[in-house]
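# Coordinate inspection notes
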Amino acid sequence: MTRYVMVVDLRRCIGCQTCTAACKVTNATMPGVQWRRVVDMEVGTFPNVQRVFMPVGCQHCSDPPCMEVCPSTATGKRADGIVTIDYDLCIGCSYCAVACPYEARYKVDKPTFAYGDTPTEAEKHRYDPAMIGVAQKCTFCVDTIDDGISKGLKPGVDPDATPACVNSCISGAMNFGDIEDPNSNVSKLLRENQHFRMHEDQGTNPGFYYLWDGARP
Amino acid sequence: MNIGTIPKLQRAWDLRAACNFIGGGTGTGLLVFAAISALAGWPFAAAGLVALAFVGFGLSMVWLEIGKPLRAVNVFFHPQTSWMTREGIVALPLFALAALAVVLALGRPDLGRLAAPVMAVAAAIGLGFLYCQARILRAAKGIRAWSEPAILPLILTSGLAEGAGVYLVLIGLMGAALPWASALALALCAARYAAWRHYRARLGATGAPAGTLAALHHAEPLVAWAGHAAPAVLLVLALAGVLPDLMAVLAGIALAVTGWFIKVTIVLRAAQSNGFAVVHTPVRGRGTSRAGDRPGWQLPHQKG
């Protein structure tokens, strides 16, 4: 069995949003849509405060509430744990958006572009009408993963089989891999570090781990 | 400074979604009163038709909200776990049976005796529809105001109270005053207020976004006084024989409008997202970690 997860070292993240930009470029998301973003959190009370940068997005939960509520079965989960959306089945009811505890889902009802009504050449080239009026979210760059695996590459190790946000991370905070493989990079990180997952009380078993202390890789 | 971490009002569902809960609740509640009328041998066709109009209005508003209306049939694909699918499936026999009961009552006097049991079955299915609506909200884990389990009795009692309100208005317009309807409406008025208070108490006791609690707190005076105290007094007066027609109609309006107000408040104004939380801050710099935080939330230990 395989389950792909993301492991983020909060000690390393500097909030540069390079992952956000890499995701937007790779997936050609429209203005206002951020499948990967980094929230900037202030913890504590002045003057005793700490600033935390936290990459967020679809947590590819093992028990995804978005999939449970989806009336059309457009949202599904692959055998490798990646939660997907079939844009041809989705009716755009947005039920998944309100069911997601992580604010990871978006719906664009009409095309919007970076510079007004006229798309740039790049936007025109990459515009996909199938994405209008339906739910969308982070895919863990599933096409890249599948393409890489078909070439014998290893997700999380080989860049050509790894999500764009992880490839772009300048501080090495973001890591991706198979948590079911005890020898994978993510399994090693989780063994050697203390970690948590967000909103675990929701019972979604998210596939997004945050390291906060332990051995430094 | 917190950027992007604080709970914010959901924008995925707007007034059209709220109208589905309004139409569905009022319509199914009214269907129950129509069924009681039918079983008691009183006219019920008008109430049945208005009930169907309410449910149909609600579903139409949802249809207008979805991004791909021409794919609406896909809503039936996931009965295994989706309460939205189940709502859609239940709507079919609800419409068919309620419409059949009305047709039998109005168009086929020879088969009129069948109308009452058919309407009773339609009302029972209507209760199922109402339950599906409550579970739709309950399953939305991204919105604390909806996922609170105490939303179930609130949506159920509100739907019935709204239906009672519209029924009182309908029979009032027809010049009738039915004490049983006023008494039942009074009981539903009390039940809904109890459910509302329980819902608010549970959110406060288990933690919720501060914006959610504030929106519900701001709604309290209207819900308590205009929405429940006033109709309760009016219904007591009606039962005591003081201008019963007028008192029942006024109470009915208050009961129905309050239910709609509660739903608009919960679906639109109190619907804050979960925001984001850190359980432990990362160890860096001074080498210490602190307990995490959930910006924008009011947790039980922070009360008072």
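First, a word on what this report is: a plain description of the structure on this page. Residue numbering note: each chain is counted from 1, following its sequence as written. Here the convention is simple: chains get letters from A, ligands get numbers from 1, in the order in which they are written. Side-chain atom pairs in this predicted model are given and counted only at pLDDT of 80 or more, local residue features only at pLDDT of at least 70, and totals for whole chains, interfaces and linings cover all residues.

## Quick word on the overall build of chain B
The test is simple: Only DSSP runs of H or I reaching four residues or more are called helices, and only runs of E reaching two or more are called strands; each is numbered from the N terminus. Here a residue counts as buried when 20 or more other C-beta atoms fall within 10 Å of its C-beta, as exposed when 12 or fewer do, and as partly exposed in between; the C-beta atoms come from the backbone. In this description, any two residues whose backbone-derived C-beta atoms lie within 7 Å of each other are considered to be in contact.
Broken down by element type, chain B carries 9 helices and 4 strands. Scanning chain B from its N terminus toward the C terminus, one meets helices and strands in the order α-α-α-α-α-α-α-β-α-α-β-β-β. Seen along its three principal axes, the alpha-carbon backbone of chain B occupies a region of about 85 × 50 × 25 Å. In chain B, buried positions account for 53% of the 304 residues. Counted over contacts in chain B with a minimum sequence separation of 6, partners at least 24 positions apart contribute 75%.

## Quick word on the nonpolar core
Quick reminder of the rule: We call a set of buried Ala, Val, Leu, Ile, Met, Phe, Trp, Tyr and Cys residues a nonpolar core when their C-beta atoms link them within 7 Å.
Ranked by size, the top nonpolar core spans 167 residues in total, and within it Ala34, Ala101, Met119, Ala122, Ala185 and Ala251 of chain B carry the most contacts. If sequence neighbours within four positions are ignored, alanine 34 of chain B has contacts with Phe44, Ala47, Gly48, Ala51, Met119 and Ala123 of chain B.

## Some details on the interface of chain B and chain A
Going by this rule: Under the scheme applied here, ten amino acids are nonpolar (Ala, Val, Leu, Ile, Met, Phe, Trp, Tyr, Cys and Pro), four are charged (Asp, Glu, Lys and Arg), and all others, including Gly, are polar.
On the chain A side, the residues contacting the 42 residues of chain B number 43 residues. Elements with a contribution of two residues or more to the side of chain B that touches chain A: α3 (83-107), β2 (278-280) and β3 (291-293) of chain B. Element by element, the count of residues in the side of chain B that touches chain A is highest for β2 of chain B, at 3 residues. Looking at side-chain class alone, the side of chain B that touches chain A contains 19 nonpolar, 17 polar and 6 charged residues.

## Some words on the pairing of strand β8 (residues 174-178) of chain A
All names here are of chain A. Stated formally: At least two bridges found by DSSP between two strands is the condition for calling them paired.
The buried fraction of β8 amounts to 5 of the 5 residues, a majority that puts the element mostly inside the structure. With 5 bridges joining them, strand β1 (residues 4-9) and β8 adopt antiparallel strand pairing. Its bridge partner being in β8, valine 5 is matched across the sheet by glycine 177.

## What about helix α7 (residues 179-206) of chain B?
At 3.6 residues per turn, the α-helix brings residues three or four places apart onto the same side. What counts is decided by this rule: A helix is expected to span 1.5 Å for every residue after the first.
Here α7 of chain B contains 28 residues, and its C-alpha end-to-end distance of 41 Å stays within 8% of the 40 Å for a straight helix at 1.5 Å per residue. One or two positions beyond α7 of chain B, positive phi appears at glycine 207 of chain B, with a value near 95 degrees.

## Remarks on the environment of valine 186 of chain A
Residues and elements named next belong to chain A. If you trace the backbone, valine 186 turns up in helix α7 (residues 185-192). The class of valine 186 is buried, set by 22 C-beta atoms lying within 10 Å. Through-space distance from the C-alpha of valine 186 to that of phenylalanine 140 is 15 Å; in sequence the pair is 46 residues apart. Apart from residues lying up to four places away in sequence, valine 186 is in contact with Val5, Val7, Gly156, Asn175, Phe176, Gly177 and Ile179.

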